[in-house]
Every structure is written in structure tokens, then in C-alpha cells.
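Read off the chains here:
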Number of protein chains: 6
Amino acid sequence: MQLSRAEVDDFINRSLAEDIGRGDLTTMVTIPAGTRLRASMVARQEVVVCGIEIAALTFRRVHQEIKVEVKARDGDKVARGAVLAVVEGDARPVLAAERTALNILQHLSGIATEVRKYAEAVEGTGCTLIDTRKTIPTLRNLAKYASFTGGARNHRIRLDDGVLIKDNHIAAAGSLTETVRRAKRATPALTVIEVECDTVEQVKEAAESGVDMILLDNMGVEDLRKAVAIVNKRCRIECSGGVTLETVRDKAMTGVDFISSGRMTQSAPAVDIGLDWG
Amino acid sequence: MQLSRAEVDDFINRSLAEDIGRGDLTTMVTIPAGTRLRASMVARQEVVVCGIEIAALTFRRVHQEIKVEVKARDGDKVARGAVLAVVEGDARPVLAAERTALNILQHLSGIATEVRKYAEAVEGTGCTLIDTRKTIPTLRNLAKYASFTGGARNHRIRLDDGVLIKDNHIAAAGSLTETVRRAKRATPALTVIEVECDTVEQVKEAAESGVDMILLDNMGVEDLRKAVAIVNKRCRIECSGGVTLETVRDKAMTGVDFISSGRMTQSAPAVDIGLDWG
Amino acid sequence: MQLSRAEVDDFINRSLAEDIGRGDLTTMVTIPAGTRLRASMVARQEVVVCGIEIAALTFRRVHQEIKVEVKARDGDKVARGAVLAVVEGDARPVLAAERTALNILQHLSGIATEVRKYAEAVEGTGCTLIDTRKTIPTLRNLAKYASFTGGARNHRIRLDDGVLIKDNHIAAAGSLTETVRRAKRATPALTVIEVECDTVEQVKEAAESGVDMILLDNMGVEDLRKAVAIVNKRCRIECSGGVTLETVRDKAMTGVDFISSGRMTQSAPAVDIGLDWG
Amino acid sequence: MQLSRAEVDDFINRSLAEDIGRGDLTTMVTIPAGTRLRASMVARQEVVVCGIEIAALTFRRVHQEIKVEVKARDGDKVARGAVLAVVEGDARPVLAAERTALNILQHLSGIATEVRKYAEAVEGTGCTLIDTRKTIPTLRNLAKYASFTGGARNHRIRLDDGVLIKDNHIAAAGSLTETVRRAKRATPALTVIEVECDTVEQVKEAAESGVDMILLDNMGVEDLRKAVAIVNKRCRIECSGGVTLETVRDKAMTGVDFISSGRMTQSAPAVDIGLDWG
Amino acid sequence: MQLSRAEVDDFINRSLAEDIGRGDLTTMVTIPAGTRLRASMVARQEVVVCGIEIAALTFRRVHQEIKVEVKARDGDKVARGAVLAVVEGDARPVLAAERTALNILQHLSGIATEVRKYAEAVEGTGCTLIDTRKTIPTLRNLAKYASFTGGARNHRIRLDDGVLIKDNHIAAAGSLTETVRRAKRATPALTVIEVECDTVEQVKEAAESGVDMILLDNMGVEDLRKAVAIVNKRCRIECSGGVTLETVRDKAMTGVDFISSGRMTQSAPAVDIGLDWG
Amino acid sequence: MQLSRAEVDDFINRSLAEDIGRGDLTTMVTIPAGTRLRASMVARQEVVVCGIEIAALTFRRVHQEIKVEVKARDGDKVARGAVLAVVEGDARPVLAAERTALNILQHLSGIATEVRKYAEAVEGTGCTLIDTRKTIPTLRNLAKYASFTGGARNHRIRLDDGVLIKDNHIAAAGSLTETVRRAKRATPALTVIEVECDTVEQVKEAAESGVDMILLDNMGVEDLRKAVAIVNKRCRIECSGGVTLETVRDKAMTGVDFISSGRMTQSAPAVDIGLDWG
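Residues numbered from 1 in each chain as written. Chains lettered and ligands numbered in written order. Predicted model: local features only at pLDDT ≥ 70, side-chain atom pairs only at ≥ 80, totals over all residues. Heavy atoms only, no water.

Let's talk about the packing of helix α3 (residues 52-62) of chain B against helix α4 (residues 91-122) of chain B
For any two helices packed against each other, the geometry comes down to the angle between their axes and how far apart the axes lie.
All names here are of chain B.
Then comes step 1: Put simply, α3 and α4 touch, their axes get as near as 9 Å, and they point 160° apart. Compared by their axis directions, α3 and α4 come out roughly antiparallel. Both α3 and α4 take part in a crossing whose hand is right-handed. Contacts from Ile52, Ile54, Ala55, Thr58, Phe59 and Val62 of α3 reach α4 at Pro93, Val94, Ala96, Ala97, Glu98, Thr100, Ala101, Ile104, Leu105 and Leu108.
Then comes step 2: For the contact of α3 with α4, the residue count by class is 13 nonpolar, 2 polar and 1 charged. (Axes fitted to C-alpha atoms, helices over the stretch in contact; angles between N-to-C directions. Helix = DSSP H or I, 4+ residues; strand = E, 2+ residues; numbered from the N terminus. Parallel < 35°, antiparallel > 145°, perpendicular 65-115°, else oblique. Left-handed = near helix turned anticlockwise from the far one by under 90°. Contact = heavy atoms within 4.5 Å. Nonpolar A, V, L, I, M, F, W, Y, C, P; charged D, E, K, R; others polar.)

Listed below in C-alpha cells is the structure:
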């Protein structure tokens, strides 16, 4: 997931608007025009950087002559104390943009930092970490970008990116096989069809249905291995549910192709990044 | 902070748009028109509810004939297993709205649940819990509403809601007293002026400057008590920095009027609320 | 491709706005308030109906009390003289909406009527007719809906719906095999990858690359057959280029899975549908 | 009809957005950053160029450093094989913009090419070719611009551009004369009033009513001549209905001032213009 | 000039948004939910009513269950003390909407009241009062509606509503006659062409140029009479400049068709209309 | 009140759009491309300048190469005949922007000029002139800026800028004291609370309620003095009602802190500023 310039701009504009409103009242009445400031954005803990260019653009959106020298790139893992960027310019817009720029960087880096922990945990297993649609509302694309930056490959970004058949769909259509058949006929020609299986029996039917991918939900390591054997490379396999930093590697080593977790995009805490003046 | 109907609508529309895109492909091709579903939104942990009406509106935005019987109100603290709402209607729109409605409710209730912990910790001290501008970008008003629902009183929602003078402003204007004087002359007539003090010496000057409120940043309990004595009710006092669930009550008992923390709005994890079918 | 209610509404609003502007000057100054009119929308040639509900909504958008009794459904093929809908209501809004409603219906039915000709030509061959991204700018989704209504299955609606590798991409990446490998690693997990082949040699490399689909561009019937044999069901095959009503069936019978044509969405003439008063 | 820069920009933005969506997936994952491309836009048939500057802007909107050397101007009639523009720049945005730029140019040049045929057919008769409100919905202004580029003078662009009284209006107001009188009193002072006449009798009443212009609908050459004689220059005369490339010149030579046709804007096929690489 | 529902809605939304912002803080914290209020909108001076339905909609926009019984219609001239409408409903939204509804009504009625004075002054002279493009920015259509309500006929609403040739245009094109000729060829077929004349000599050339209307700017009564004689009904005549309540009737009696004044739309004072509670 | 660049841009765009529409028809068809013009904006009466930079931006928005040399600054009081700016550039956009730029400058300077009269009348009394929410709908922020430019300090810009308790609020809450108590608990921590008093008795209760500010409405000079004595600096005092240029100074000298008037923003006539060519 790459972000388009238009959506980054919209995000910055909305972020600034909600914070600045009619203007930074304090700065307008206390800082003389022409005062200059210099500050460094500093990581106060180990972080995987995400959003550094967006933060830089945020300063420049308030005043185009603010200079932001970016010292780290999205995806970099930096140690506590690392300088991520140096900001210099007219004091009024620098101060007006400060909180918004930090809020953006702290939030996106928070997600990337969390995702990286999972990505490192599955490294070398041949299994790919993917994300889910559990994200903070209205920030989906940013979350998907941060997740990709952290080291995951994206699953569906929107509901129109693919078909994921669950219990309710099968119940309504009659059978798994019939549901897959219907989906193959009515969707656009480039659509991938995935079906969720909760039991090993379902996996058998799914593997024979011509589906492109199977989602094994909330299965233990033993069942995952059985399912992998049944499928026997006829389609790709994703596993989800109960994925924590403790369990993720064991699950990944069962031979599934993908492993997904919602918590890493929905509940990642903001990381501590501050602005040091002077 | 109350939310206007217009901003709630905009939030719902944007949340649905980013998830549904051109349509819920899976549901469109598998669920026959006219199929009906019934489901309960259930708390899978103890939560302070926030956003239940927004979640209900989310279902109805997708299809106006979906019935949502709301069983809990924003601000209610409910036990694990509590049913928050019962949803019933056409299966296609119910399924299309499911993830978005849950994402909204899990996020907002996450903030309210976190804030409530702090609010309960200061209960009875005479000190009021307030929030900050550390929020997830573009979701400021929702965060302020969730914070208010959780039990905090709001500090500035935007930069134009009041004057908060910090080091940089004082350095630029020359002195704390001069900075306050300037602010009093140039701002709208109903503006409150607050000044941040890092030392007990600054508190003296601030208390004499005619400022409306003082922010004591990162002071220990001892210094907070000294500052309260110096101010002697000439203006209100807020304290911030190093506020955790462990420290918050001791700080609140020093006699300060307000205590603020950014972490509770910026890093609250999503709470676990699910949809049980049938 | 289904159209969301939001995009239909936006299309109607924009269509009406561009035609009505500040108001239907003629009607405002000549028709007394309260005058009523009744009219029938009549096909003046054989047409495949598309947009009849949108046309009905168009009248109601101008005045919600206009009654439109719809007599045909999208996808119906009707004979010359067929009544598609009966409109009745206040004369002013009926007259103000007339041209816009007709323009919509004539254009969309024009596409569906054209596509149906091709769809009928390939009927029973086992080959599926699909459309392309050659559409009138800003009307993509409507064109895709009309094409689906006419009888085609949709190919990519937008560039993010799948990967279609052409000469330029292969040249830049080094080789077909390497290009496919890259695409498989960097795209979202549910992405389909298709590669365009201009020669039978390329088809061999493509079939072995693990690609999901091959596009055979501008090949004659002989080469199409050879390609089908080489691929031997390892992936799906699309054929495009030089597709006319005369050639389409022969091409479809070579064993390719899909056949696509741009002309039917880009150059379909409006069909003749009129409004008969009284 | 000239197009404002704002509406051209909006058209380009919408056209690109509907095609590119979240990004040109193929190009992003296959083309290395910094790869450059050069291509020529070439007419593959005789065309009257329309939209060449819009097409050029379309490339530059995706990436401002793409160079587009425009070789033909809107309104030029060029032979098959003519190079309309040379495009050079970063391969990624050039490829992402390609289809949209071509779709725009093919559609607008299609209209201009069709209109030019009619314009040439009436050349030298003293009669002016004008267009109608039969256009593809939401593309009215672009169609009017293409029509003007092709050689027609515009009739009403929107319903508020003038008064055109038809049967229904007269029936509601009581008589042609009374309808004209009402319109003269209630419209803005610079409004032109035209009345449609289906019979020679109506022409007499219209000519005496003080109307500014008469529309003769679906009259044969004989009746047109009679009407011209009756009017005797008291007002201007437009003729419409049954206008084809075969009939247009004969009708134009009857002495009417204007001749209008809807088909040329509503059903013009896209012309064949392609991009040759290298 | 009639206002479309869409622009009225947009005006109300913007008016309320700029006043209410995040909510009527006072009302939210002081008025218990469910409190009801009743109030009358009363003219505190003689006024020509304009905007009464817009004011009523303003209340209902804030809360759809507010009842507004409208007692006067736009265009009515009412005496001091007249009740224009009775408002009843939930106290919170009534109070939140009060200032905005009054501001709208006071402003629009202010214009209508001012225009009516001029309209009455020219009554019976056969000359029609028209307005100009001198209006308060962004409120053009509302001003034109208020002016029409007051009793004037509208001149151009926008620059694309007709051609008005002045000194600068003639200087650039070479001569008045040539300028008129150019305009006749290049504008849409229903365009009226007016030319401004400052001297009696210019009037002669204009009358012979085939122009549709002449604007006599800043001429005294004597020159107006001469101009009327020269034109001798070959085209319509407008007079402007130095038009006051004292001079307007004398100018109107010279035989000109139209008389225009900018001051009545640009500088009309708000009229005094208040809300009486209970 | 400072205006943000975004709202100035939006205001200019809307102002130009409503005047220019599809283009300045007259200029397009009469002025040859490349013609240049030079003009001076001249005050035709004594004015306090407001909006000169906005007017300059208006010209440049239509064509970025128009040069506007600004000769006066917002807030300057200039004599009749003063040149405010010199405009030079391509004749077409200069003429197209002329009326809009003048309308903006005439309106905003009208308000500033009116406010300055009141500001000068209270100069040296120690009382501060403030404005109200009586403004022309949708132009609130511009009016507040013009008022500030004229010499007033702003009162509430929106309803969420502070609490102003009136009769209705007190009646609903029970008592003045209780109303103030409620407001103090439920509003954001930086909110100022003001209460309107109509009698000297109410002033006593208000002064003891802990309110931040008292509004004395429609009191004579004698009562104002009594109220000032009662309050005895426990809170700030505003006086409003019956404020005219004749009465304002006497009221200001009673010792009240603020004096407010709605008429100066709601009914200020446009000042006469013109464009002299050459």
C-alpha cells in the first residue's frame, strides 16, 4: 500500500484544521513576526519510523519556507535518542504545526513499530505476515501503509478488493462449493476468492471447490498442520486468531502461507517522539 | 464536548467509504436478496461504552431499515458478556457494515475505558481530570468526546480555544509578565490565558501577572504543594507530566485544580467487543 | 459492477446541475404552479434497457412527488415502441428533468445495447466477454455497470484492481519471469497478475512464470489456438485486439477464457428513447 | 464556449481518480524508480483535434515534470499518422496517465470530428450550425467546447441561458402570444426568447408576438421556405429535426439562420489516437 | 431570479456553521433537555419581507421538529409590529438558531425594503427598475432574489449572462461597430449584446450597429431624452449612474426602458426584526 | 481575528465564481489576447482600508501574472483621492476580476470605516469597543476581521467561544447562581462565562455568583454607574444596547470595561472605491 499525494494532503489538511482552527492564538499574540526557531525531532525510545515525510510536509503546509531536513526514512528502525529530522523556520508556523506533526509521527510509527515485532518473529519461516481490516476508522489507508512499512504484506484494503466467504455467506448460499461457484461467475475477472474454514472437514471441501485461498480461523498448531497437508498446495492458506508475539512463530512454522493479526493495527500505542528546541 | 450530527455523519460516511469502496463484493455475490440476520454486540471484557449510537447509525446508514436496539448508553461501565445492542435486518447491509461499526465502537470505547481508570483514581480529591491535544490525527473531536464520556473535562480542543504560553513564547516576547499583557490586549474578549511554569520561581511571577491559569509541568508532589501555596487561589492551577495510574492520585491531592494526561487519548488500546450471530 | 447509491446520487446531481443551472427559466415563467403532466418513456428502436431506475430517480430528485412507474428492468431487451416508464406529476419539475433523464437513459442503454450484441455473438462458446478501461472519462463506473448489464463480465475497473504486465514493464524489470516474481512479492495478498503476450514464444515463458492470467493481444485465430495448447490450463487466457461483431465468435471458439473489446464501451451510439406526452 | 481552468482541472482529477484509484499497481511493482520513457500521440485516422491541452495537462497532473510537446492545436484537422504530441518523462507517471489521457483525447476529438463534417456541409450557405442539449450527462460543457471546436456555434448550454417555449408551455399558459408576454416580463432583462413552431400557422402568430427567435421543428424544405417568407426577418429562425449529413445542406439553404442537430454531440464515436513508444 | 433549494440549503448550512461551530455552549450546559419555547418574529419597523421561508428553514435545519408558522410572504410590505412568523419547539435548537435566522431575515429584508422604495418611485412611468453586479461578495444570488422580491427586474446575474461592451472593450477591438460584430459571431446564439455609451455621438453609432441594448451611463435628463429620440426604438435603452431616490423618477420619465442602481443592493442597511419570547 | 489563508482563498474563489460563471463573455469576444491594461484603485471618499490584500489576491487568482502594487495597508485611514493599489496586466483577467475585487474592498472597508468612527469616539476612556454576532450571514469571520481592523476587539466569533447566559437560560435552569454553577462544571476548562443583567438587582446576584463577566443590556448611564460600583472589579463588565455615535462616549465613561454595538457590522454601507484606467 502506497499513499497517494492527494490523500496525504487531505490527511494533513484535516489534521491541521482540527488543531489550529482559526489560528494558533497563543503564537499570534506573543511571537513577533520574523522570529526564527530550530528544533530536532528525537526518538525517545526505539522506534520503526513511519510518517516522517508526512510530518515534514505538515510543517511546510503551514508555511512553505520552513526547512525540514529529514534524517531517517520510513521503515528505518532507530535507537532511542536518534534525530529523525531537523526543523528550522519562522517560529509562528513551526509552533503552530508542532503538535500535529508529532501526533502524526507518533501514531504511524506506533503501528510500524508494533508490526515490526511480529514481522521479525516470523522471519525466515517462509510464512508472510499480513494485516486485517481491524483499523481505526477513517485511517485505513494510513494504517495499511504503516503496516506495510512495519513489514507486513497487506490483505484486503477494502471490501471490494477480494471475496472472503464466511459462515454466514455459506449458510445463505447453501454450501461452500455453491458459494464459490457463484462468486466465480459474478465478480470481476481478476478477483481472488478466499473461504474461511473453522474445521478440518471444511478444509477438504474448500480445497476441492477451486477456491484461490483458505483462511483457517482460530486453529491450533496441530490442526494447522493437518489443514496444510490436506490442501497440499492446491491453493494458498492464511491463518488468523489468537496470534500473539508468543504464538506467532509456531503458527508460522506449520507451513501456512500467510498469518494475520488485527491487534497490531488497531491497538498499537503511540511511540514517544519529541521536539527538542535550539 | 458534544459531537454535532454533521460531524458524526461525516465520520460514519468516511468510515464506511474506506471499508466498503465499490461494495461488499462477497456479500453481493453470495447472499440472496431478502435474507435476514440478527446479531448481538457483546462486550468481551469490562468496558466503558462510547460510540454506541454512532455504531447504530453506521448500520442504518448502509440500510435505513436495519433495526438496532441499543441496550447501553455512552458512559455506562458494563461487565464482560453484556449485550450492548441487538441488530436485525437485511443480511447484506448488516454484513457490509459489521466491521466498520465494530471498529468505531472498539476504538471510542477503548479511549473511554482508559480515561475512566484515571477519573476513578482522582475521584473525591476535588481535582478535575482533563485531557490534552495529544490525540490521533483527524479524530480530535471524537477523542475529546470519548474522553468526556470517560469522565474527563476537556482542555483546549483547538489552538484557538485559549492561550497557553510556554517557554518559547516568553523568550520571544521578553518576559512572562509582558507576554501575558500582550495576550490580554490582542485576543478576543472571552479568552482565557494560561502560562506554563517549570519552576517555583516562575510560579511567583505568573501568579502576579494577572494570568487566569497556571500549568505546572513535570513537577513532583513537593513542588506542586509549594506552587499551590504561592498561588493562593489567585488563579487556577493545572498539573501535567509523568501522570500514570500510580501517580495520579498523589498529584491530585496536592491541591491543584486540574490534572492532565496525553497518553489516555493517544494510546488507549481498542477494547474487545464482538458480534454474535443468531 | 454494482453502482453505490452515493455515486448514483452524485451522478444525478451533477447531471441536473449542468443542465438546469439556476433553474428552468422557460418553465418558471410560463407554467402556472400546480399544472400536472403525464408522459411515457418510449423506446423508438430495439434497446437493451440500462439506467431506468437512475432516470426515475432523476425526476424524483427534482421533485420528490413525481411518480415514475417503471415498466422495464435494466438488462431487459425490449422492442421498438415499448413503454419503459410512465411519469406523472407537477409539470414544472417534470419538464425541468426531462432532457437530463433522457440523456442518461439514452447513453447507458446505448452501451448495454452494443455490449449485448457481442455477448450474444459469443453465447455458448464457453468464452466470457469482458470489457476494458477504454471508457468515456469520468463515467467509468457507469460504463462498467452498463457493460455488465449488457452481458459482459468486468475486467479491471481501476488500475489498482490487478496487475497487467505489458512490454514496457517487462523491459524495465529485465524479463517476464522476473517481473512476475516482483509483482507477487510486493502487491496485496489477493492480487491477480496477468501478463500480455504478443508472440507464441512469450506465451511459453508466461505459462511457466506462475502468472495467473495471460492476455493475447492482436493474435489471429491460428495463434490463439497454439497459445491455448501451450498454456494447457496452467492459467487463464484473455484475447483482445481486432475484435468486431464479425470476428468475435471465431476468436471465442479457440478455447480462450475471456475476450475483450474497448469499442463497445467507448463508442456506443445513444439509443433513441423519447418522452410521449399525455 | 470556453472551458475554465477550474473545470478542466476538476475533469482531469476525476478522470485520473476513477482510473488510478490507489495507484497503478502494475507500474509501482515493476518499473524501477527513475526509468524514463518517450512516446508520441499519433492519429490513426483523420481527426479534428480537440482536448490536446487537456491531455497534456493530464500527464503533468500525475507528475509535474513530464514534458509534453504539443504539435497540434484544438480545431486542427490532421491526417492519419500525424503526431499530435510528444510525451517524455518518468516512466511510472507516464504509464499511469496513458489510458486516461487517450480516453480524453479520443472522446473530445470524436465529437469535434463529427461536428466538423456538418459544419463543412453548411459552409457558405449563410446558415450557422448550432448544437443542442443532447449530450452525455455530466460532460455538457466539454461537449459544448468540442462542438464549438468542431465548428458549431452553441445553443443554450443550460436551461437558464434563454427561454425556449414549446407545446407544453403554450398549453399551460393559454396561447403563444400570452406565453411570450409573460416571459418578457419575468425573466432577467438580457434574456432571449425563442418559440418552437410545428406548423406554418404557428409561425404567423409567433412572428407577430415579438419573440426573438423561432424554432422550426421537423419541417421539410418546402415548409422551411414558407416559414422564412412569413417571418420576413422580424426575428431569427432555427431549424431542427431530421438533420443528417445528407439533408443538412438543403435545409441550410432555405434561408434559416440556424440549423441544429443533437446526434453529433450525443453519439460521436471515439476517434483512434494511440501512443507509440520510443 | 429564483433560488434553488440546493443553494438555499448551502447558505443555511454555512450560516449556521459559522455561528454555532461545535455547538451552542451556553444552551447545552444550561437548558434541560425537553424544555420548550415559543417566540414571535416581529417587525420593529416597516419592512418589505424577504427570506421568511429561509429563516423558517434555518430553525428546522437545527432541529426538524421546530414548528414555524409563517404569517407573511416574501414581497409583503408590513407595518411596524407585524408578526412575521411564530416559532415553537425544543428550546435548545430554537435558541441556537435564533441569531442566524434573524441575521438572514434582517439582511435580505433590508435589501428588499430599499429596492421597494426605488420601485415605487418609478411606478407607472413605463420604465423598469433593474439591479447591477454591485453586491456583497458571495451573496450575489441572494441579493438578486431580494432585489427581485423588492420589485426590480434582474440585469446580468453573472458575466456569462450577456455581453456588456464598455470603453475598454471598444478601444481594444477598434470600434464600437466592429466590437458588436465580433460579439455577434462568437457568443452563443441566445446572447443579448449591450453597449455602454457616454455621449450622444456614441449613441448614434450604437443604434446603427445592430446592438440589442444601449446603456447610457451618467447622463443628465436632457441627454437621456436626446438619446431616446436618436435610438427611436431600434433597440432597448438602460440608464445608470447618479440614480438616487430624488432623481430616479425624472430619469425614468425620459423614455428609457430600464433604470439601474447599485447602491440599493450593496449598501442597504439591515432592517430591525426581533424575536419576542412567550 | 486573523483570517486564515484557506478561508481567504475560499472567499475569493466563491466571489469570483458567482460573478464570472463560465467566463467574462464580453471580454472573451472583444479583447484580443495579449492586450494589456493599467489601472489604479482610488478612494472616492475618506475610508479606513480593509481587504486590500484580498482584493490584490483576487486579481492574481484570475491570472497569476497580474501585478498589483499595494499602496495602503489594512487599517490605514486614507483621504479621498488616495491611490490604494495599482493593477497592471493582461486586460482580459483584469477586466474579469474588476467588479469582484471592488465589491470585496468596498464591503470590508465599509465595515472598518464604520467601526473606526466608534473606536475613535471611545478613545482614551479606558473602555474597549467590541463587536457582536450581528453580521451578514456566511461572512462572520470577514466581518470580525474588518471590525478588528476598524479598531474593535472581538466578542464571541461563534457560539462555542464562550458562555453568555440570558433570561431564557436562567429561567430554564432555575436561578442565575445555579446556571453559572452548571456552566462552570460542564464546559471545557478554559471557558469564560458571562451573564446578561437587565436590572441592578440582577447585577448583585451575578457579581456574587463567581461569573467572569457581566453584560448590562439597555441600561442608561446612571444605572451603568451603579452597576460598576456594585461589581467593584469582582468581574469584567460589558454594556450594550442603544449604542450610537452620539451616546457611545458617555456610556464608555461610566467605568464599564467593554461596549458593544451590532449595527456597525450589520449595516455599514459600502464605501466608494473605484478603478481609474490608464
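Considerations on the domain arrangement of chain A
Where interface size is quoted, it is often the accessible area lost as the parts come together.
Residue and element names in this part refer to chain A.
Then comes step 1: Domains assigned within chain A are domain 1 (5-113 + 269-277) and domain 2 (120-266).
Then comes step 2: Each of domain 1 and domain 2 has a C-alpha centre, and the two are 36 Å apart.
Then comes step 3: Across the contact, 12 residues belong to domain 1 and 13 residues belong to domain 2.
Then comes step 4: Of the roughly 960 Å² buried at the junction of domain 1 and domain 2 (both faces included), carbon and sulfur atoms supply 70%.
Then comes step 5: The largest share of the area that domain 1 buries against domain 2 comes from Phe11, His107 and Ile111, three residues that together contribute 41% of it.
Then comes step 6: The salt bridge partner of Glu120 is Lys77, with a shortest N-O separation of 2.9 Å.
Then comes step 7: Taken together, domain 1 and domain 2 are joined by 3 residue pairs in polar contact (both at pLDDT 80 or more).
Then comes step 8: Counting residues per element, the ones that place at least two in the side of domain 1 that touches domain 2 are α1 (5-20) and α4 (91-122). (Domains from an automatic or database assignment. Buried area = accessible area lost by both parts, 1.4 Å probe. Salt bridge = Lys/Arg side-chain N within 4 Å of Asp/Glu carboxyl O. Polar contact = N/O pair within 3.5 Å; in protein donor to acceptor, adjacent residues only side chain to side chain.)

What about unusual backbone geometry?
Then comes step 1: The phi dihedral of Thr138 of chain B is positive, around 75°, even though this residue is not glycine.
Then comes step 2: Secondary-structure assignment places Thr138 of chain B in the loop between β6 (128-130) and α5 (140-150).
Then comes step 3: On the accessibility criterion, Thr138 of chain B (18% relative accessible area) is buried.
Then comes step 4: Positive phi is not limited to glycine here, since Lys233 of chain F has a value of about 65°.
Then comes step 5: Here Lys233 of chain F lies in the loop between α9 (221-231) and β10 (236-240). (Buried < 20%, exposed > 50% of the residue type's maximum accessible area, 1.4 Å probe, protein only.)

Some remarks on the interface of chain E and chain F
Then comes step 1: Facing the 62 residues of chain E at the interface are 62 residues of chain F.
Then comes step 2: Roughly 5300 Å² is buried in total at the junction of chain E and chain F, and carbon and sulfur atoms are behind 56% of that figure.
Then comes step 3: Its largest share of buried area at the contact with chain F, chain E owes to Glu18, Thr138 and Leu159 of chain E, together 13% of the area lost on that side.
Then comes step 4: Viewed at the interface, chain F and chain E are joined by 8 salt bridges.
Then comes step 5: Where chain E packs against chain F, one counts 34 residue pairs in polar contact (both at pLDDT 80 or more).
Then comes step 6: At the level of elements, α1 (5-20), α2 (25-30), α4 (91-122), β7 (163-165), α6 (167-173), α7 (176-186) and α11 (263-266) of chain E are the ones that each hand at least two residues to the side of chain E that touches chain F.
Then comes step 7: Here the side of chain E that touches chain F takes 8 residues from α1 of chain E, the largest share from any one element.
Then comes step 8: Across the side of chain E that touches chain F, the residue classes tally to 27 nonpolar, 20 polar and 15 charged.

A closer look at the sheet that holds strand β7 (residues 163-165) of chain F
Strands belonging to one sheet form pairs held by backbone hydrogen bonds; the direction of such a pair is parallel or antiparallel.
Residue and element names in this part refer to chain F.
Then comes step 1: Judged by pairing direction, the sheet is parallel, and its 6 strands sit side by side in the order β6-β11-β10-β9-β8-β7 without closing on themselves. The strands lining the two open edges of the sheet, one partner per strand, are β6 (128-130) and β7. Pairwise comparison of adjacent strand axes, ignoring direction, gives a mean angle of 25° for this sheet.
Then comes step 2: Here 3 bridges tie β7 to strand β8 (residues 193-197), and the two strands are oriented parallel to one another. Pairing of Leu164 across the sheet is with Glu194, part of β8.
Then comes step 3: Along the sheet face, helix α8 (residues 200-208) touches β8 and β9 (213-217) and points at about 165° away from the line of β8. (Pairing = 2+ DSSP bridges.)

A closer look at the sheet that holds strand β10 (residues 236-240) of chain B
Residues and elements named next belong to chain B.
Then comes step 1: Strand order across the open sheet formed by 6 strands is β6-β11-β10-β9-β8-β7, with parallel pairing between neighbours. A strand with exactly one partner marks an edge of an open sheet, and here the two such strands are β6 and β7 (163-165). Adjacent strand axes in the sheet meet at a mean angle of 25°, parallel and antiparallel pairs treated alike.
Then comes step 2: Of the strand pairs in this sheet, β6 and strand β11 (residues 258-260) are connected by 3 bridges, and their pairing is parallel. For Ile130, the partnering residue across the bridge sits in β11 and is Ser260.
Then comes step 3: Against the sheet, helix α7 (residues 176-186) engages β7 and β8 (193-197), with an angle of about 160° to β8.
Then comes step 4: Sheet strands in contact with helix α8 (residues 200-208) are β8 and β9 (213-217), and its direction is about 165° off that of β8.

Remarks on the relation of the copies chain E and chain F
Then comes step 1: Each copy superposes on the other: chain E lies on chain F with an RMSD of 0.0 Å after a rotation of 180° and an axial shift of 0.0 Å. Those values place the two copies in the arrangement expected of a two-fold rotation axis.
Then comes step 2: Mapped onto chain F, 100% of the interface residues of chain E are again interface residues, and the two copies thus contact each other with one and the same surface. (Least-squares fit on C-alpha atoms with pLDDT ≥ 70 in both.)

Digging into the side chain of Thr191 of chain E
Then comes step 1: By the secondary structure assignment, Thr191 of chain E is in the loop between α7 and β8 (193-197).
Then comes step 2: One polar contact links the side chain of Thr191 of chain E to the main-chain carbonyl oxygen of Pro188 of chain E, over a distance of 2.7 Å.
Then comes step 3: Ignoring sequence-local partners within four residues, the contact set of Thr191 of chain E consists of Val192 of chain D, Gly162, Val163 and Asp212 of chain E together with Leu25 of chain F.

Points about the pattern of salt bridges
Then comes step 1: Tallying each qualifying case throughout the model produces 109 salt bridges over all chains.
Then comes step 2: Of the charged contacts in the structure, one is a salt bridge between Glu114 of chain C and Lys117 of chain C, with a shortest N-O distance of 3.5 Å. One end of the pair is Glu114 of chain C and the other is Lys117 of chain C, both in helix α4 (residues 91-122) and 3 residues apart, which spans about a single turn.
Then comes step 3: Taking the relative accessible area as the measure of exposure, Lys117 of chain C reaches 40% and is therefore partly exposed.
Then comes step 4: Two residues, Arg182 of chain F and Glu178 of chain F, come together in a salt bridge whose shortest N-O distance is 3.2 Å. With a gap of 4 residues between them, Arg182 of chain F and Glu178 of chain F both fall in helix α7 (residues 176-186), about one helical turn apart.
Then comes step 5: Through salt bridges with shared partners, one network takes in Arg22 of chain A, Arg158 and Asp160 of chain B together with Asp161 of chain F.

Some details on the environment of Asp90 of chain D
All names here are of chain D.
Then comes step 1: Note on placement: Asp90 falls in strand β5 (residues 83-90).
Then comes step 2: Measuring from C-alpha to C-alpha, the distance between Asp90 and Lys134 comes to 40 Å, with 44 residues separating the pair along the chain.
Then comes step 3: Polar side-chain contacts of Asp90 include one of 3.1 Å to the backbone nitrogen of Arg92.

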